[in-house]
Amino acid sequence: AHEEAMAARSKDNLRSPICCILGHVDTGKTKLLDKIRQTNVQEGEAGGITQQIGATYFPVEALQKKTAVVNKDGSFVFNVPGLLVIDTPGHESFTNLRSRGSSLCNIAILVVDIMHGLEPQTLESMRLLRERKTPFIVALNKIDRLFGWSRIDNNGFEDSLAFQKKSVQQEFKDRWDFVHTQLMEQGFNSELFYQNTNMARYVSVVPTSAHTGEGIPDMLKLIIKLTQERMTGKLMYLSEVECTVLEVKVIEGLGTTIDVVLSNGVLHEGDRIVLCGNPEPIATNIRALLTPAEMKELRVKSAYVHNKEVKAAMGIKIAADGLDSAIAGSRLLVVGPDDDEEDLMDEVMGDLAHLMGKVSKTGRGVSVQASTLGSLEALLEFLRVSKIPVASISIGPVYKKDVLRAGVMLEKAKEYAVMLCFDVKVDKDAKQYADEIGVKIFEADIIYHLFDKFTAHMKQLEEQRKEESKMDAVFPCVLSPIAVFNKKDPIVVGVDVIEGNLRMLTPICALKKNPVTGVKEIVHLGRVTSIERDHKQIPICKKGQPSVAVKIEGPNQPLYGRQLEEKDILYSSITRKSIDTLKEFYRSDVSNDEWQLIIKLKKEFDIM
Ligand code: GDP
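Numbering of residues starts from 1 in each chain and follows the order in which that chain's sequence is written. Given that the model is predicted, a residue must reach a pLDDT of at least 70 before its local features are reported, and side-chain atom pairs must reach 80 or more before they are shown or counted; all residues, however, enter totals for whole chains, interfaces and linings. The side-chain numbers reported here are obtained from all heavy atoms of the structure, hydrogens and water having been left aside.

K.L.:
An account of the packing of aromatic side chains is needed here, citing residue identities and associated values.
P.N.:
Ring pairs are drawn from Phe, Tyr and Trp, using the six-membered ring of Trp, whenever the two centres fall within 6.5 Å, and their geometry is named by plane angle: stacked under 30 degrees, edge-to-face over 60, tilted for the rest. This model, assessed by the stated rule, comprises 9 aromatic pairs. Pairing F76 with F78 gives two aromatic rings, centres 5.1 Å apart and planes at 80 degrees, and the pair type is edge-to-face. The residues F76 and F78 share a single accessibility class, namely buried. Here F475 and Y586 contribute two aromatic rings whose centre-to-centre distance is 6.2 Å and whose plane-to-plane angle is 80 degrees, an arrangement assigned as edge-to-face. With a gap of 111 residues between them, F475 in the loop between α14 (447–468) and β25 (477–486) and Y586 in the loop between α15 (576–585) and α16 (592–604) connect regions that are remote in the sequence. Each residue gets one of three labels from its accessible area relative to the maximum for its type: buried under 20%, exposed over 50%, partly exposed in between, using a 1.4 Å probe on protein chains only. Of the residues examined, F475 reaches a relative accessible area of 8% and is grouped as buried. Judged by its relative accessible area of 9%, Y586 is buried. Joined through ring pairs, the aromatic side chains of F157, F172, F193 and Y194 make up one cluster. The ring of Y433 carries the charged tip of K400 above its face, separated from the ring centre by 4.8 Å. Over a ring means this: the NZ of a Lys or the CZ of an Arg is within 6 Å of the ring centre and within 35 degrees of the ring normal. The residue whose ring lies beneath R503 is F475, and the NZ or CZ to ring-centre distance is 3.7 Å. Only DSSP runs of H or I reaching four residues or more are called helices, and only runs of E reaching two or more are called strands; each is numbered from the N terminus.

K.L.:
I'd like to hear about the site of the ligand, residue by residue, with values.
P.N.:
Whether a residue is near a molecule or strand depends on its heavy atoms: if one lies within 4 Å, it is near. Around the ligand lies a shell of 15 residues, among which D26, T30, K31, D144 and A210 are the nearest. Here a polar contact means two N or O atoms within 3.5 Å. Within protein one must be a hydrogen donor candidate and the other an acceptor candidate, and residues neighboring in sequence count only if both atoms are side-chain atoms. A distance of 2.5 Å is found between an oxygen atom of the ligand and a side-chain nitrogen or oxygen belonging to T30. Within the side chain of H211, a nitrogen or oxygen atom sits 3.1 Å from an oxygen atom of the ligand. Residue burial considers only the protein chains on display, and all accessible areas are found by Shrake-Rupley using a 1.4 Å probe. For the ligand, whose free accessible area comes to 570 Å², the fraction covered by protein is 75%. No other element matches helix α2 (residues 29–37), which puts 3 residues into the shell around the ligand. Three residue categories are used. Nonpolar comprises Ala, Val, Leu, Ile, Met, Phe, Trp, Tyr, Cys and Pro, charged comprises Asp, Glu, Lys and Arg, and polar comprises the others, including Gly. Residues of the shell around the ligand, tallied by class, amount to 2 nonpolar, 7 polar and 6 charged.

K.L.:
Got a sec to walk through the sheet that holds strand β11 (residues 242–251)? Specific residues and values, please.
P.N.:
An order of β11-β12-β19-β16-β17 is seen for the 5 strands of this open sheet, with the pairing classed as antiparallel. On the outer flanks of this sheet lie β11 and β17 (304–307), each paired with one strand and no other. Across this sheet, the average inter-strand angle for adjacent strands is 35 degrees, counted without regard to direction. As paired strands, strand β16 (residues 288–292) and strand β19 (residues 314–319) are joined by 3 bridges and run antiparallel to one another. Bridging across to β19, L290 finds its partner in K317. In this analysis, strands are considered paired if DSSP registers two or more bridges between them. Orientation is described by axes fitted as lines to C-alpha atoms, over the contacting stretch for helices, and by angles from 0 to 180 degrees between their N-to-C directions.

Given below as structure tokens:
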């Protein structure tokens, strides 16, 4: 009796966990959501499932019904009052459900297509889940696509699998083994949910079909089990309000509203609230706390029901004045009787300031723009790990002023005149302006795609610089003349390469002591435009190879017999700049012997 009383009390004090669905596109996230929301009207099974703003609420009665097929003896006990599932699947809403760097999403379902295994966005989702330390299960979806699968609608998975032909069971096993290995490669140990003895160590994997509903009872039970076992501490009901802005939306007749998830505490009509705005904090009073009207109520004028108060966990729309500049992802705080409004403003703005503090101190770096505070935070963390410096950040759509800000880098550090935009719209004028001034805008809705694009950009710039520097790269060589075939325009000489390698386009010179002053002078002959042996063009002549005829062209060529003599040794004309260019772009192309030769020539040419 005592235990029952304890259970009852703790149950009263628990709030509903908040669940997000993540995964690669087309794995069936939306379909799964639809399937669990689906109610069986004939059997009167609605059970109070309610559509909220941005979320669906499943009261415990509905969960009990939906999991009955895998809880026939009723031995699994529900302690939570219900489950709140966020309606927008994907990592955008997951990253946004945050508070001071921790996640408000208590548990996540990572959907993987059993026919495809892990895909790029699966990896991205896993990275985010790891970063936010969010417990998750894997739904291995589309099991009905296994060849020859016989469906038993809405059945428990184990039972359905036992019912399959041997070949189907074998295909399942093979595909699951494959995903198991893939997960291992990402550093996650996993087990099929009914074989998992340690939920803290192994990720539970539940095979599902969003089409037949198989495995979905297991999935719901598993989520509740995981939250109850692993995080009752986090689910304790608190009087303190914990609330996050998911979206800022203009609604006809209501003005700018915010859709929020209230994850803890109670909100009342009329409450004084504070949230993060751009650039100023917002303090205002709740004019209306709105939830969607039920279908039958839709005949009445408004699509919304007004609530005097709402209790966590809950998805609601808030109407109030002054919400125009609200930032998605902002925390929402309630000003209590003992609170100082200014302090709370500092606190909410602190989230933005904290991110501002992450920009590079050198003032050199890329510009970063994201849809919400949460996605910006995730992106900045990723760029930090990837060692890409960030000079400025912004939230919301990209406008011309943002391009202007990024354009500052065109002067400072051209390679960083780049905007990395995550999950945001780019205004047409802004795009055009960026093209005009040479700011690159990279857009992606997967964070690491931005990294790939940026890395490709850097590589391309380097290739370009290498290409541009080609004429400055002078490989060293020393040539001993045999005969002069043409004295000028162009100069054609027969030579032996006695040091280094002679390449096309190498600038050639002779070193002459001025007979009057005794000072060493460099006489430039021009560049090598042809290397020929036995009347055949060759691209390179290496030290010790048979002699070649070399054509040298250039402006103001010296004349053999005047500024030059036929016996003069010829050199590749190296300079400080040519040496630096080799070091920067061609290090791997220069042999040890060639570096030695460069050092020797540096002395001859008096290069410091
Ligand atoms: P999302 O992009 O992850 O939200 O994927 P959707 O829910 O839109 O599903 C993508 C496609 O896969 C749609 O054509 C669905 O009908 C299909 N699909 C989703 N779940 C299943 C499933 O369990 N079995 C089969 N056969 N198809 C599915």
